[in-house]
Amino acid sequence: EPEVTQTPSHQVTQMGQEVILRCVPISNHLYFYWYRQILGQKVEFLVSFYNNEISEKSEIFDDQFSVERPDGSNFTLKIRSTKLEDSAMYFCASSRQGVEDTQYFGPGTRLTVL
Amino acid sequence: LAKTTQPISMDSYEGQEVNITCSHNNIATNDYITWYQQFPSQGPRFIIQGYKTKVTNEVASLFIPADRKSSTLSLPRVSLSDTAVYYCLVGDTGRRALTFGSGTRLQVQP
């Protein structure tokens, strides 16, 4: 069964450093998403991406965040200058298209900012 | 996405059937109802989706009354491994941001 994959599974970084989280969505999917979940809190939407551009983003997704689909398979989330409060699980998701479709999530990357 | 209300927690025993009901009074005509399961430190996992009446797959059943203002996720014969948080989401889940609430924390006891 096709699945969303994410790398790395765990990333530790120093405050102020840049990190790039990588995702490989399901191959025939057209919509891509990033969510995050701070420990013990709800899953929060960050951004959605379709047709090589951002289609929706939340207030959390400020100028320090960016997304890119550098090739036909990868989808990345970059955090330019990490803060302590960026420590969280980051989930990538993808969906095909259409109201009746649903989003499939990857296993997540645990980001720890020291 | 439409606002949803579901119980904060539920307890059950192995082998029992568990029914989790979600209220979504403001569901729109085009909205689908989707349930996800999440284990600690893992991504949400799609369980089932429906629009009306009843949907069944190998994992669960989803019951939706005619007015669609609520839905019930039914897990037959739960096991310890079904201990997780279950989220009910309503809307255009194929293209729009998902808004996760706190979900229902199901604890299955031996």
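Residues numbered from 1 in each chain as written. Chains lettered and ligands numbered in written order. Predicted model: local features only at pLDDT ≥ 70, side-chain atom pairs only at ≥ 80, totals over all residues. Heavy atoms only, no water.

Asks: Could you give me a rundown of the nonpolar core, with the residues and numbers involved?
Replies: Residues W34, L46, F61, V67, F75, L77 and Y90 of chain A are the most contacted members of the largest nonpolar core, which totals 21 residues. Counting 20 residues, the second largest nonpolar core, distinct from the first, contains I20, C22, L73 and A84 of chain B. (Core = buried A, V, L, I, M, F, W, Y, C linked by side-chain atoms within 4.5 Å. Buried < 20%, exposed > 50% of the residue type's maximum accessible area, 1.4 Å probe, protein only.)

Asks: Tell me about the sheet that holds strand β3 (residues 19–24) of chain A, and please be specific about residues and values.
Replies: In a beta sheet, neighbouring strands pair by backbone hydrogen bonds and run either parallel or antiparallel. Residue and element names in this part refer to chain A. Within the open sheet, the four strands sit side by side as β1-β3-β8-β7. Their pairing is antiparallel. Looking at strand neighbours, the two that pair on one side only are β1 (5–7) and β7 (65–68), the edges of this open sheet. Geometrically, the sheet is characterised by an average inter-axis angle of 20 degrees between neighbouring strands, direction not taken into account. As paired strands, β3 and strand β8 (residues 75–79) are joined by five bridges and run antiparallel to one another. Paired with V19 across the strands is I79, a residue of β8. (Pairing = 2+ DSSP bridges. Helix = DSSP H or I, 4+ residues; strand = E, 2+ residues; numbered from the N terminus. Axes fitted to C-alpha atoms, helices over the stretch in contact; angles between N-to-C directions.)

Asks: Can you explain the sheet that holds strand β6 (residues 61–64) of chain B? Please cite residues and give values.
Replies: All names here are of chain B. Pairing within the open sheet is antiparallel, and its four strands lie in the order β2-β7-β6-β5. Across the chains shown, the open sheet's two edge strands, defined by having one partner strand only, are β2 (18–23) and β5 (53–56). Geometrically, the sheet is characterised by an average inter-axis angle of 15 degrees between neighbouring strands, direction not taken into account. Pairing of β5 with β6, which is carried by four bridges, proceeds in the antiparallel orientation. Each residue of the ladder has a partner; that of K54, found in β6, is F63.

Asks: Hey, could you go over the pattern of salt bridges for me, with residue numbers and the actual values?
Replies: Tallied over the entire structure, the rule returns two salt bridges over all chains. Across the salt bridge formed by R36 of chain A and E44 of chain A, the nearest N and O atoms sit 3.2 Å from each other. In this structure E44 of chain A comes out as partly exposed when scored by relative accessible area, which is 24%. Put simply, R96 of chain B and E56 of chain A hold a salt bridge, and the shortest N to O gap is 3.1 Å. Placement of R96 of chain B in the loop between β8 (84–91) and β9 (104–109) and of E56 of chain A in strand β6 (residues 53–57) is noted, with the two residues assigned to different chains. By relative accessible area, which is 43% here, R96 of chain B ends up partly exposed. (Salt bridge = Lys/Arg side-chain N within 4 Å of Asp/Glu carboxyl O.)

Asks: Describe the interface of chain B and chain A, naming the residues involved and giving the relevant values.
Replies: In this complex, chain B contributes 22 residues to the contact, which on the side of chain A involves 24 residues. Taking both partners together, chain B and chain A bury about 1900 Å²; carbon and sulfur atoms supply 52% of that area. Contact with chain A buries surface across chain B, with G94, R95 and F100 of chain B losing the most and accounting together for 27% of the total. Here chain B and chain A share one salt bridge between them. Remark: the boundary between chain B and chain A carries eight residue pairs in polar contact (both at pLDDT 80 or more). Looking at the side of chain B that touches chain A, the elements with two or more residues in it are β3 (32–38) and β4 (45–50) of chain B. With four residues, the single largest contributor to the side of chain B that touches chain A is β3 of chain B. Class assignment of the residues belonging to the side of chain B that touches chain A gives a composition of eight nonpolar, eleven polar and three charged. (Contact = heavy atoms within 4.5 Å. Buried area = accessible area lost by both parts, 1.4 Å probe. Polar contact = N/O pair within 3.5 Å; in protein donor to acceptor, adjacent residues only side chain to side chain. Nonpolar A, V, L, I, M, F, W, Y, C, P; charged D, E, K, R; others polar.)

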